[in-house]
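Structure assessment
Next come the chains, spelled out residue by residue.
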Amino acid sequence: MPRYISQHTIACLTRQALQALIAELKRDEKVKCVRFVSDSLEGNLLCEFEAPDKETVVAFLDARRMRPNWVMRVEHEW
């Protein structure tokens, strides 16, 4: 299954709110959440997903009111 990474601005979220959001994202069965990494000082969140296509990831995020700054398909990993 293809993998995708999205970047989000999370400047206003507390750690507890971020943990609750991630728990909600992990409950979905159509899009598999692989990994989340964040930097609260710069207010950034990177999310890694497995999904059939980019449109599915964007719809998944839109349904949860998470507007990504960008979504990238992972083609190569070193």
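Quick note: structure is the one above.
Description of the structure in this document. (Residues numbered from 1 in each chain as written. Predicted model: local features only at pLDDT ≥ 70, side-chain atom pairs only at ≥ 80, totals over all residues. Heavy atoms only, no water.)

What about the overall build of the protein chain?
Our working rule: Helix and strand definitions follow DSSP, with helices as H or I runs of at least four residues and strands as E runs of at least two, each counted in order from the N terminus. With the radius of gyration taken over C-alpha atoms, the globule rule is written as 2.2 Å times the number of residues to the power 0.38.
A count of helical and extended segments in the protein chain gives two helices and four strands. Ordered by position from the N terminus, the helices and strands of the protein chain form the series β-α-β-β-α-β. In terms of overall dimensions, the protein chain is globule-like: its C-alpha atoms have a radius of gyration of 12 Å, near the 12 Å expected for 78 residues. When its C-alpha atoms are laid out on the principal axes, the protein chain stretches across 30 × 25 × 20 Å.

Overview of the packing of aromatic side chains
Here a ring pair, both rings aromatic, is described through the centre-centre distance and the interplanar angle of the planes. Heads up, the rule is: Pairing of aromatic side chains here covers Phe, Tyr and the six-membered ring of Trp, requires ring centres within 6.5 Å, and sorts the geometry by plane angle: under 30 degrees stacked, over 60 edge-to-face, intermediate tilted.
Summed over all chains, the structure comprises two aromatic pairs. The interplanar angle of 85° and the centroid separation of 6.3 Å between the aromatic rings of phenylalanine 36 and phenylalanine 49 together place this pair among those described as edge-to-face. Here phenylalanine 36, found in strand β2 (residues 32-39), pairs with phenylalanine 49, found in strand β3 (residues 44-50); they are 13 residues apart in sequence, far enough to count as distant. Summarising the aromatic geometry, the rings of phenylalanine 49 and phenylalanine 60 are spaced 5.5 Å apart at their centres and angled 75° between planes, so their arrangement reads as edge-to-face. With phenylalanine 49 in strand β3 and phenylalanine 60 in helix α2 (residues 54-63), this residue pair connects regions lying eleven residues apart in the sequence.

Structural notes on unusual backbone geometry
Keep this limit in mind: Buried residues are those whose accessible area, probed at 1.4 Å on protein chains only, stays under 20% of the maximum for their type, while exposed residues exceed 50% and partly exposed ones sit between those limits.
At arginine 65, a residue that is not glycine, the phi angle is positive and equals roughly 55°. Here arginine 65 falls in the exposed class, since its relative accessible area comes to 73%.

Comments concerning a nonpolar patch on the surface
Quick note on the threshold: Each patch is built from residues lacking any salt bridge and having more than 30% relative accessible area; the joining distance is 9 Å for like charges and 5 Å for nonpolar side chains (Val, Leu, Ile, Met, Phe, Trp, Tyr). Here the accessible surface of atoms and residues is derived via Shrake-Rupley with a 1.4 Å probe, and residues count as covered only by protein chains that are part of the display. Here a salt bridge means any side-chain nitrogen of Lys or Arg lying within 4 Å of a carboxyl oxygen belonging to Asp or Glu.
The grouping of Val37, Leu46, Trp70 and Met72 at the surface amounts to a nonpolar patch, some 340 Å² of accessible area in total. Along the chain, methionine 72 turns up in strand β4 (residues 70-74).

Overview of the nonpolar core
How we decide: Residues grouped as a nonpolar core are buried Ala, Val, Leu, Ile, Met, Phe, Trp, Tyr and Cys residues, joined through side-chain atoms within 4.5 Å. The contact criterion used is simple: two residues touch if any of their non-hydrogen atoms lie within 4.5 Å.
If you look at the biggest cluster of nonpolar residues, it comprises 18 residues, and the most contacted ones within it are Phe36 and Phe49. Breaking this core down by element, the ones donating at least two residues are α1 (15-26), β2, β3 and α2. The greatest single-element share of this core, amounting to four residues, is contributed by α1. What phenylalanine 49 contacts, discounting residues up to four positions off in sequence, is Pro2, Arg3, Tyr4, Ser6, Val31, Lys32, Cys33, Val34, Phe36, Val57, Phe60 and Leu61.

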